[in-house]
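# Descriptive analysis of the structure
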Amino acid sequence: MLGCGGGAKLRHSLTVASGFVENLCFSGIAYGWASLVFILKNDGYFSDLCDITANATDPGDIITLSGERPGDNIIQSDCSGQDEQFSLVFTVASFSMNFLRFPLGFLFDHFGTMATRLLATCLYTTGTLLITVSSPEQSALLFPAISCLITSGMLFYTTNAQVGNLFDSHRSTVISVYAGAFDSSAAVFLIIKFLYERGVSFHSSFLVLSVCSVIHVFRTFFLMPKTHIPYPLPDRYAYGVSCGGRRWERGGDRGERDGGGGERKGDVNAKYQKIAVLQKAESAPLQSQDKAGPSRPDQPERVTSFRSCVLSWFFLWHLVWVAVMQFCHFLFIATVNPMLNRLANRDQTLVSQYTNAFAFTQLCGVLCGPWNGLIMDRHKGKPLAPGETKQEADLRSSSLSLFLTSLQCLLFYVCFSSPLLPLQYLTFILQVLNSAFIYGGHQAFLTIAFPGCHFGKLSGLITSLSAVVLLLQFPVLHLIRELLHGDPIYVNVGLTLLTLLTFIHPLHVHLHCRSLASQRRARTEQEVTNSGSKVTCNRLVGM
């Protein structure tokens, strides 16, 4: 039974499996926005922003929307205002999520997993219910609805990222698999679109999604910790609800009753989390960057302060890396539907075909996530270099992942900037691949480079600062509509050049690791020289 005796491995397996399902089906559904926009347009949301002009010239003409042949159309409509409003909905939602991430990260660090997940569940339920009760006359409900959905999804993913701590040798792989599942969850809106085209109301589909909130509540109480999952994981660490129905967490043998029942051990678990944080801080690269002197063996390592983390070059270049690529992806999602309409000459059959293709490639994101994890964990199980710490090895391994992610983003926007419609299939593939690498690599890098006690705050601060960059979407969208007449080619070329900044981060990490390796070699040579001098002195004294 869960929580009893030897049920720890079973609980760990259920936690990682259910977390995968949660990320796959719920966390990133808002990123399937293009599929939902197709439905909302058909139902007439924001249709009052369309300018309709009749082409009838004879007084006796009967005005209809369309005839049996394309040439029979006698009404032209300019729905650029409607497209802009849909783009604005996603832009406001993405900005809200990013802006709130720092206070939500503070909530996660200080109040733990349970409080954060309960808030996420409330936001998720609110978002799905708002869409369920919405109508074309109440189109404005989409603004709070999508904001709630995208924020709750990020909270679910953040709380699930710590599950990788349960599997030391596959830690980055678990995080990356979850990132891929997060990406693939965008295909939920594709399924809703397929059901809609077969006569199922999308309001009913969202009502079903709302009922699924019970899954999140179940995982929160039975398969997730009340506080956090520490790293490294203490021996016999346990969490969740015990056999007697009481919630408990423990870490290690000290303070545990003989027989291992369901005694509540929150204090013991907090102590082991503190020990884990101290272990995490050992040989932190930030200490090398700040030129902190080596501590004495009889003194415990001090945890790097939050301020020192924020003021480090690692944080600065990682912020640039995340902000630039996130801006590119959010702008792409906000403009992909108008882009397809423009390249397909508003042929709705063709637009639907490409929208389905985009959503299908998003479903394949779950297959892309593990690749990044395997790249970051490729050194696990191999012997460390003399004097090299485990954390330094993880950092060295992450540089290749960061470089490949930047390269993918560059190629993705090169394809997106092309006016060739068939090339957008490759754009969709690169976007999904790159998105899976970004989120998995972002979370994994923070767990490697910084102390775990600051994870929520650092992740939230980076996302909140990225929200400032996302504010540029408003003038950019206005620029595309008013000055570029709906053609974003010049904006896309500019963003393509901007992605070159992201290559600085992997280069900086690589050079930092080389510097640490050089220092190790110098110390080793110095130790050899010193030991040789001592031997010579001893021989002279003996003579």
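Residues numbered from 1 in each chain as written. Predicted model: local features only at pLDDT ≥ 70, side-chain atom pairs only at ≥ 80, totals over all residues. Heavy atoms only, no water.

Turning our attention to unusual backbone geometry. The backbone of N345 sits at a positive phi, close to 55°, despite the residue not being glycine. Tracing the sequence through the fold places N345 in the loop between α12 (313-343) and α13 (348-363). Residue classification places N345 among the exposed residues on the basis of a relative accessible area of 68%. Backbone geometry at R346 places phi at a positive 60°, although glycine is not the residue there. Here R346 shows up in the loop between α12 and α13. (Helix = DSSP H or I, 4+ residues; strand = E, 2+ residues; numbered from the N terminus. Buried < 20%, exposed > 50% of the residue type's maximum accessible area, 1.4 Å probe, protein only.)

Turning to a nonpolar patch on the surface, a few remarks are in order. A cluster of nonpolar side chains, contributed by L118, V217, F218, F221 and F222, occupies part of the molecular surface with about 390 Å² of accessible area. The leading source of residues in the nonpolar patch is helix α8 (residues 213-222), at 4 residues. Here L118 falls in the partly exposed class, since its relative accessible area comes to 32%. (Patch = residues over 30% accessible without salt bridge, like charges linked within 9 Å, V, L, I, M, F, W, Y side chains within 5 Å. Areas by Shrake-Rupley, 256 points an atom, 1.4 Å probe, with all protein chains shown as cover. Salt bridge = Lys/Arg side-chain N within 4 Å of Asp/Glu carboxyl O.)

This next bit is on the nonpolar core. Of all hydrophobic cores here, the largest spans 82 residues; its most connected members are Y31, W33, L149, F206 and F332. In terms of residue count, the dominant contributor to this core is α12 (11 residues). Here W33 is in contact with L40, F86, V89, F90, I146, F189 and I333, once residues within four sequence places are set aside. Residues C309, L395, L446 and L461 belong to the second largest nonpolar core, which totals 25 residues. (Core = buried A, V, L, I, M, F, W, Y, C linked by side-chain atoms within 4.5 Å. Contact = heavy atoms within 4.5 Å.)

Turning next to the packing of helix α3 (residues 80-133) against α8. Close contact between α3 and α8 brings their axes to 10 Å; oriented N to C, the two are set at 180°. What the angle tells us is that α3 and α8 run roughly antiparallel. Residues M114, R117, L118, T121, Y124 and T125 of α3 form the contact with α8, whose own contacting residues are S213, H216, V217, R219, T220 and F221. Counted by class, the contact of α3 with α8 contains 5 nonpolar, 5 polar and 2 charged residues. (Axes fitted to C-alpha atoms, helices over the stretch in contact; angles between N-to-C directions. Parallel < 35°, antiparallel > 145°, perpendicular 65-115°, else oblique. Nonpolar A, V, L, I, M, F, W, Y, C, P; charged D, E, K, R; others polar.)

Quick look at the packing of aromatic side chains now. Applying the stated rule across the entire model yields 31 aromatic pairs. Relative to F86, the ring of F46 has its centre 5.3 Å away and its plane inclined at 80°; by these criteria the two rings are edge-to-face. Within this pair, whereas F46 is found in the loop between α2 (33-42) and β1 (51-54), its partner F86 is found in helix α3, the two being separated by 40 residues in sequence. Taken as a pair, F46 and F86 share a single burial class, namely buried. (Phe/Tyr/Trp six-rings, centres within 6.5 Å; stacked < 30°, edge-to-face > 60°.)

Relative to the elements of secondary structure, S147 occurs in helix α4 (residues 142-161). The class of S147 is buried, set by a relative accessible area of 12%. Separated by 2.8 Å, the side chain of S147 and the backbone oxygen of F143 make a polar contact. What S147 contacts, discounting residues up to four positions off in sequence, is V92, A93 and S96. (Polar contact = N/O pair within 3.5 Å; in protein donor to acceptor, adjacent residues only side chain to side chain.)

The subject of this paragraph is the packing of helix α5 (residues 171-184) against helix α14 (residues 365-376). Remark: α5 packs on α14, axes separated minimally by 7 Å, with the N-to-C direction vectors making an angle of 160°. Relative to α14, the element α5 lies roughly antiparallel. Handedness of the α5/α14 crossing: right-handed. Here S172, T173, S176, V177, G180, A181, D183 and S184 of α5 come into contact with α14, specifically with G365, V366, G369, P370, N372, G373, L374 and M376. (Left-handed = near helix turned anticlockwise from the far one by under 90°.)

Residues lying three or four places apart along an α-helix face the same way, a consequence of the helix completing one turn every 3.6 residues. When the terminal C-alpha atoms of helix α16 (residues 424-449) are compared, their 36 Å separation across 26 residues agrees well with the 38 Å that a helix rising 1.5 Å per residue should span. By the criterion of burial, α16 is predominantly enclosed, with 23 of the 26 residues buried. (Expected span 1.5 Å × (residues − 1).)

With that out of the way, let us pick up the pattern of salt bridges. Enumeration according to the criterion identifies 7 salt bridges in this entry. Residue K457 pairs with D109 through a salt bridge whose shortest N-O separation is 3.2 Å. Linking K457 in helix α17 (residues 455-470) with D109 in helix α3, this pair joins segments that are 348 residues apart in sequence. When sorted by exposure, K457 lands in the same class as D109, which is buried. Through salt bridges with shared partners, one network takes in E22, R117 and R219.

Below, the discussion takes up the environment of H318. Here H318 is to be found in helix α12. In this structure the C-alpha to C-alpha distance between H318 and L446, which are 128 residues apart in sequence, comes to 9.0 Å. Residues in contact with H318, not counting those within four places in the same chain, are H442, F445, L446, I462 and H505. At a separation of 2.9 Å, a polar atom in the side chain of H318 contacts the side chain of H442.

Let us look at the environment of I448. In this fold, I448 is placed in helix α16. A relative accessible area of 4% places I448 in the buried class. Sequence separation between I448 and E392 is 56 residues, and the spatial gap between their C-alpha atoms is 8.5 Å.

Taking 1.5 Å of rise per residue, the 54 residues of α3 would be expected to cover 80 Å, yet its terminal C-alpha atoms sit only 26 Å apart, more than 12% below that figure. The principal kink in α3, of about 135°, is found at G112. (Bend = angle between axes of the 7 residues up to and from the residue.)

Everything listed is a geometric property; what it means functionally is a separate question.
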